Amino acid sequence: MNWTQHFEAQRPMLTALCYRMLGERALAEDAVQDTWLKWSTADHAAIHTPAAWLRTAATRVAIDSLRRAKARRESYVGPWLPEPLLMDTHTAEDSFALAQDCELALLWMMDTLPSSERAAFVLREAFDASYADIAETLGKSEAACRQLVSRAHRRVAQSAPDLTQPAGKRAAQISGFLAAIATGDIDAAKAYLSDDAISISDGGAKARAARRPLIGPDDIVLVSHAVTLKHASGLTPVPVTANSHPALLMTDNGVAHTLFTAALNAHGQICWMYTLRNPDKLWPALAHRVGGRAPLRQQTEPPDGQTLQNS
């Protein structure tokens, strides 16, 4: 196997690693390309384990990229949500196949972690890296890396939904909630939500979306119902898979309008809601779908060019 083949054999793993670190497809692809540039000029004769070398290099590139992205996300208009991976079943050849099972809710929560903490968490939990390998990658002691992973676990656990809920249950709760909102059954809609539910909408100043997280059933249902009455009537829900979990793509005469998904708590109630409206994220997700179905068209401009302030 030549050195290019060594790299290509590791590309799916590197892409999955960088996506988990960055939460954006384009940034992940750029990080993998930068890793290739480092690999192409490396002293290959001195590299005894190509996979480990490449994982270390990609992690360091992703950390640098994440630090730059943090500054951009701090000035982002409204809440920032990770970019979804929308794919059909035939994804074995896709570089992002290994990243599909990364929960959007988990990606969103990990975005609050410091970059080194996030890297240690991803390497340990997603790739089962040893603490010795993590220490070498991050330039820290094994004891320090154990602390990084432990802190990340605690921070994520504080607000993590139950990621073990079956797909069928999640799909039913998502559909039921949206149906109740569409019919104006306020009490039924609230019953789908946990008391501490949070709803986040990402429009990125490119489409109408709430500029603050909505907290609790009253706030979520009030705003969701108002938005449906004003802007979402007549939309058609199309079941899709986002990061290997059920989601609904809302379309308007075949035009992609909104991607909606959610995570449940241990009682099966919706505790985290994801509403993606930003076309800069929605269109790449659609464009990369595989399996024989052409992507839906993207809405090129929001209906009125505005974003919602509190609703």
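This structure is a prediction, so every number in the text was calculated from the model and none was measured.

I would appreciate a short explanation of the pattern of salt bridges in the present structure.
Here the idea is simple: oppositely charged side chains can pair when their charged atoms come close. In total, this model carries 16 salt bridges according to the counting rule given. In this structure, the salt-bridge partner of Arg-20 is Asp-101, at a minimum N-O distance of 2.7 Å. Taken together, the positions of Arg-20 in helix α1 (residues 3–22) and Asp-101 in the loop between α3 (50–74) and α4 (104–110) put the pair 81 residues apart, joining distant regions of the chain. By relative accessible area, Arg-20 is classed as buried at 9%. For Arg-155, the salt bridge is made with Glu-117, and the minimal N-O distance between the two is 3.3 Å.

How do you make sense of the packing of α1 against helix α5 (residues 115–127) when you look at a structure like this?
A pair of packed helices can be characterised by two numbers: the angle between their axes and the separation between those axes. For the pair α1 and α5, the least separation of the axes is 10 Å and the interaxial angle reads 135°. The angle between α1 and α5 places the two elements in the oblique class. Here the hand of the crossing between α1 and α5 comes out right-handed. Along the contact surface, α1 presents Met-13, Ala-16, Leu-17, Arg-20, Met-21 and Leu-22, while α5 presents Ser-115, Arg-118, Ala-119, Val-122, Leu-123, Ala-126 and Phe-127. Taken together, the residues of the contact of α1 with α5 sort by class into 10 nonpolar, one polar and two charged.

I keep staring at helix α6 (residues 131–138) and nothing clicks. Help me out?
The complete set of buried residues in α6 reads Tyr-131, Ile-134, Ala-135, Thr-137 and Leu-138. Projected down its long axis, α6 shows its buried positions confined to an angular sector of 165°, all on one face. Those residues of α6 that are buried lie in contact with α3, α5 and α7 (142–159). Phi for Gly-139, located one or two positions after α6, is positive at around 70°.

Looking at this structure, I do not really get unusual backbone geometry. What am I missing?
Phi is mostly negative for residues that are not glycine, and the peptide bonds are mostly trans. One non-glycine residue, Asp-128, adopts positive backbone phi at about 50°. Structurally, Asp-128 is set in the loop between α5 and α6. Asp-128 sits in the exposed class, given a relative accessible area of 63%. The backbone of Asn-253 shows a phi angle near 55°, a positive value even though the residue is not glycine. Inspection of the secondary structure assignment puts Asn-253 in the loop between β4 (245–252) and β5 (255–264).

Which parts of the structure should I look at to understand the nonpolar core?
The biggest cluster of nonpolar side chains holds 68 residues, and the ones touching the most others in it are Tyr-19, Met-21, Ile-134, Leu-138, Leu-259 and Trp-272. A per-element tally of this core places α1 first, with nine residues. With residues near it in sequence (within four places) discarded, Ile-134 still touches Ala-120, Leu-123, Arg-124, Ala-129 and Cys-145. In this structure, Ala-197, Val-223, Met-250 and Met-273 belong to the second largest nonpolar core, which totals 20 residues.

Hey, could you run me through the confidence of the model for the chain in this one?
Segments scoring low in pLDDT should not have their predicted coordinates read at a detailed level. With 89% of its residues at a pLDDT of 70 or more, the chain shows a mean pLDDT of 88. Confidence drops under a pLDDT of 50 for residues 290–294, and excluding neighbours within four residues, the segment shows seven contacts in the predicted structure. Note that residues 300–311 has pLDDT below 50 and, in this model, 23 contacts with residues that lie over four places away or in other chains.

Sorry if this is basic, but what is going on with the pairing of strand β6 (residues 270–276) here?
Two faces make up the sheet, and in a regular strand the side chains alternate between them. Of all seven residues in β6, seven are buried; the element is thus mostly enclosed. Looking at chain direction, strand β1 (residues 193–202) and β6 are connected through six bridges and run parallel. Across the sheet, the residue bridging to Asp-202 is Leu-276, located in β6. Where β5 and β6 come together, six bridges link them in antiparallel fashion. Bridging across to β6, Thr-261 finds its partner in Tyr-274. The hairpin formed by β5 and β6 contains five residues between the paired strands, and Gly-268 there has a positive phi angle of roughly 85°.

Can you walk me through the pairing of β4 in this structure?
With respect to burial, β4 is a largely interior element, seven of its eight residues being buried. Inspection of the sheet shows strand β3 (residues 236–242) paired to β4 by seven bridges, in the antiparallel sense. Looking at the pairing, Pro-239 lines up with Leu-248 of β4. Here β3 folds back onto β4, and the loop between the two strands holds two residues, one of which, Asn-243, carries a positive phi near 55°. Strand direction decides the pairing type here: β4 and β5, joined by five bridges, are antiparallel.

Would you mind showing me how to read the packing of aromatic side chains here?
Describing an aromatic ring pair means giving the distance of the ring centres and the angle of the ring planes. Inspection of the entire model under this criterion finds seven aromatic pairs. Here the aromatic rings of Tyr-19 and Phe-96 are separated by 6.0 Å at their centres, their planes lie at 85°, and the arrangement is edge-to-face. Within this pair, whereas Tyr-19 is found in helix α1, its partner Phe-96 is found in the loop between α3 and α4, the two being separated by 77 residues in sequence. Comparing Tyr-19 with Phe-96, the two get one shared label, buried. Clustering of aromatic rings is evident, with ring pairs tying together Trp-3, Trp-39 and Trp-53. Cation over ring: Arg-25 sits above Phe-96, and NZ or CZ is 4.1 Å from the ring centre.

Here is what the cut-offs are and how they apply
Residues numbered from 1 in each chain as written. Predicted model: local features only at pLDDT ≥ 70, side-chain atom pairs only at ≥ 80, totals over all residues. Heavy atoms only, no water. Salt bridge = Lys/Arg side-chain N within 4 Å of Asp/Glu carboxyl O. Helix = DSSP H or I, 4+ residues; strand = E, 2+ residues; numbered from the N terminus. Buried < 20%, exposed > 50% of the residue type's maximum accessible area, 1.4 Å probe, protein only. Axes fitted to C-alpha atoms, helices over the stretch in contact; angles between N-to-C directions. Parallel < 35°, antiparallel > 145°, perpendicular 65-115°, else oblique. Left-handed = near helix turned anticlockwise from the far one by under 90°. Contact = heavy atoms within 4.5 Å. Nonpolar A, V, L, I, M, F, W, Y, C, P; charged D, E, K, R; others polar. Arc of directions from axis to C-beta. Core = buried A, V, L, I, M, F, W, Y, C linked by side-chain atoms within 4.5 Å. pLDDT = per-residue confidence, 0-100. Pairing = 2+ DSSP bridges. Phe/Tyr/Trp six-rings, centres within 6.5 Å; stacked < 30°, edge-to-face > 60°. Lys NZ or Arg CZ within 6 Å of the ring centre and 35° of its normal.

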